[in-house]
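# Descriptive structure summary
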Amino acid sequence: MAETVSKDDLKNYIGTETGVSDWFLIDQERINKFADVTEDHQFIHIDQEAAAKTPFGTTIAHGFLTLSLVSHLASSASIGVKGAVMGINYGTDKVRFLSPVKVNSEIRARVKLADVTEKPGNRLLIKNEVTIEIKGEDRPAMLAESLSMIVVGG
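Below is a summary of the structure that appears in this document. Values in this document were obtained by computation on a predicted structure and should not be read as measured data. (Residues numbered from 1 in each chain as written. Predicted model: local features only at pLDDT ≥ 70, side-chain atom pairs only at ≥ 80, totals over all residues. Heavy atoms only, no water.)

### Some points on helix 2 (residues 28–38)
- For helix 2, the full list of buried residues reads Gln28, Ile31, Phe34 and Ala35. Here the buried residues of helix 2 occupy an arc of 125° about the axis, which is enough to place them on one side. Those residues of helix 2 that are exposed and aimed more than 90 degrees away from the buried face are Glu29, Lys33 and Val37.
- In the core, the buried residues of helix 2 are packed alongside strand 3 (24–26), helix 3 (43–46), helix 4 (48–51) and helix 5 (63–68).
- Of the residues one or two after helix 2, Glu39 is the one with positive phi, at around 60°. (Buried < 20%, exposed > 50% of the residue type's maximum accessible area, 1.4 Å probe, protein only. Helix = DSSP H or I, 4+ residues; strand = E, 2+ residues; numbered from the N terminus. Arc of directions from axis to C-beta. Contact = heavy atoms within 4.5 Å.)

See below:
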């Protein structure tokens, strides 16, 4: 986690980049396992010979594989709340896949706190703008507005 602040101070960070994760390798084994779990065996993901004949020149990760890694990647780059009892993935408001993640690429998350909404029951709805960057590429792989529900001890 980038930093931990009180519930009252959290709103002062809206609009601020809270952190950047470490780089994370997307190899063929991970892509193949994701294909098996999701039953998405499209050749562009798993057939290296056929994928080599496409404009990408190689296999690419599923967009939803990249999206599924947001929780992991953003956790080290998001601001924390003191007294948090638990955090729950609350979904996304918007996701855009901008560039393919080619096999053996490294990706990371760049996180900006976009909004904080207080909810009944000592809960906070937190919206983070998450940009998934590809090492060595100018254009990001994905932009997402990620939502988390944080329960703060009372």
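### Section: a nonpolar patch on the surface
- Together, Val85, Met86 and Ile88 make up a nonpolar patch on the protein surface, roughly 280 Å² of accessible area in all.
- Summarising the element assignment, Met86 is placed in strand 5 (residues 84–97).
- Classification of Met86 by relative accessible area gives partly exposed; the value is 46%. (Patch = residues over 30% accessible without salt bridge, like charges linked within 9 Å, V, L, I, M, F, W, Y side chains within 5 Å. Areas by Shrake-Rupley, 256 points an atom, 1.4 Å probe, with all protein chains shown as cover. Salt bridge = Lys/Arg side-chain N within 4 Å of Asp/Glu carboxyl O.)

### What about the environment of Ala141?
- Summarising the element assignment, Ala141 is placed in the loop between strand 7 (123–134) and strand 8 (142–152).
- Taking the C-alpha atoms as reference points, Ala141 and Phe97, 44 residues apart in sequence, are found 5.9 Å from one another.
- When residues no more than four places from it in sequence are discounted, the contact partners of Ala141 are Arg96, Phe97, Leu98, Ser99, Val101, Ile132 and Ile134.

### Quick word on the nonpolar core
- Ile26, Ile107, Ile132 and Met142 are the most contacted members of the largest nonpolar core, which has 24 residues in total.
- Where this core is concerned, the elements lending two or more residues are strand 3, helix 2, helix 5, helix 6 (70–75), strand 6 (105–119), strand 7 and strand 8.
- Excluding residues that lie within four positions of it along the chain, Ile132 makes contacts with Thr66, Val70, Leu73, Ile107, Arg108, Ala109, Pro140, Ala141 and Met142.
- Of all hydrophobic cores here, the second largest spans 10 residues; its members include Val5, Ile79, Ile126 and Ile150. (Core = buried A, V, L, I, M, F, W, Y, C linked by side-chain atoms within 4.5 Å.)

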